[in-house]
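For reference, the chains in residue letters:
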Amino acid sequence: VEQALAAIGTGVWEVKVEREVVVDGLPVVVVGKVDFLRGLMIEDNKTKFDAPDLAWYEPSLQWRWYLHLLGAAGFTYRVWQFKEPDETKVMEFVGGASVRFFPYAGMESDCLEWLTSFVRWARGKLARAA
């Protein structure tokens, strides 16, 4: 853990962000907690026991929403790889990898389109349950 913390450096941990968005006339509060913030750059730290597949993070809405909500310049996933704990329960640090994403034209629309789809799905579930 010390190696990872040294590589991360200084910044602010666990920054909560919320914004109200109106979807189909319904106020929806989008809430998130940014793992780590350094200036206009957001970082999210992940721990894996197998080799990280950085391409797995590209379709995520997490980085898109955080960039949109905070107006940040970039979002980095830092993936820290450890060996599986042995019988002593000690995890050995193997290494790390990272991938960075940036705001793009149409990102806000993408976020709102996904949110709208979710709200409509949830309303449909509630209507069927009633």
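Conventions we followed
In every chain, residue numbers begin from 1 and rise along the written sequence. Per-residue local features of the predicted model are confined to residues with pLDDT of at least 70, and side-chain atom pairs are confined, for both listing and counting, to 80 or more; whole-chain, interface and lining totals are unaffected and use all residues. Excluded from the side-chain calculations are hydrogens and water; all other atoms, namely the structure's heavy atoms, are used. Note on terminology: a nonpolar core comprises buried Ala, Val, Leu, Ile, Met, Phe, Trp, Tyr and Cys residues joined through side-chain atoms within 4.5 Å. Only protein chains enter the accessibility calculation, which uses a 1.4 Å probe. A residue is then buried if its area is under 20% of the maximum for its type, exposed if over 50%, and partly exposed in between. Runs of H or I in DSSP of at least four residues are treated as helices and runs of E of at least two as strands, each being numbered from the N terminus. Should any heavy atoms of two residues lie within 4.5 Å, those residues are counted as being in contact. Here a strand pair is declared whenever DSSP counts at least two bridges between the two strands. Axis lines are fitted to C-alpha atoms, over the contacting stretch for helices. Their N-to-C directions set the angle, which ranges from 0 to 180 degrees.

Q: So what exactly am I meant to see when it comes to the nonpolar core here?
A: Soluble globular proteins tend to pack their nonpolar side chains together in the buried interior. Ranked by size, the top nonpolar core spans 25 residues in total, and within it Ile42, Trp63, Leu67, Phe75, Tyr77 and Leu115 carry the most contacts. The set of elements that each furnish at least two residues to this core consists of β1 (12-23), β2 (26-38), α2 (61-70), β4 (74-82), β5 (93-101) and α3 (107-129). Considering each element in turn, this core owes the most residues, 5 residues, to α2. In this structure Leu115 touches Val21, Val23, Val28, Val30 and Trp65, once residues within four positions along its chain are discounted. Listed in part, the 5 residues of the second largest apolar core include Ala4, Ile8, Phe36 and Phe82.

Q: Just checking my understanding: could you explain the sheet that holds strand β3 (residues 41-48) for this structure?
A: Paired through backbone hydrogen bonds, the strands of a sheet run either parallel or antiparallel to each other. Spatially, 5 strands are ordered β1-β2-β3-β4-β5 in an open sheet, and the strand pairing comes out mixed. This sheet does not close on itself; its edge strands, each paired only once, are β1 and β5. Neighbouring strand axes in the sheet, compared pairwise and without regard to direction, differ in orientation by 35° on average. Pairing of β2 with β3, which is carried by 3 bridges, proceeds in the antiparallel orientation. In the strand pairing of β3, Phe36 is matched with Glu43. In the packing of α2 onto the sheet, the strands contacted are β1, β2, β3, β4 and β5, and the crossing angle to β4 comes to about 140°.

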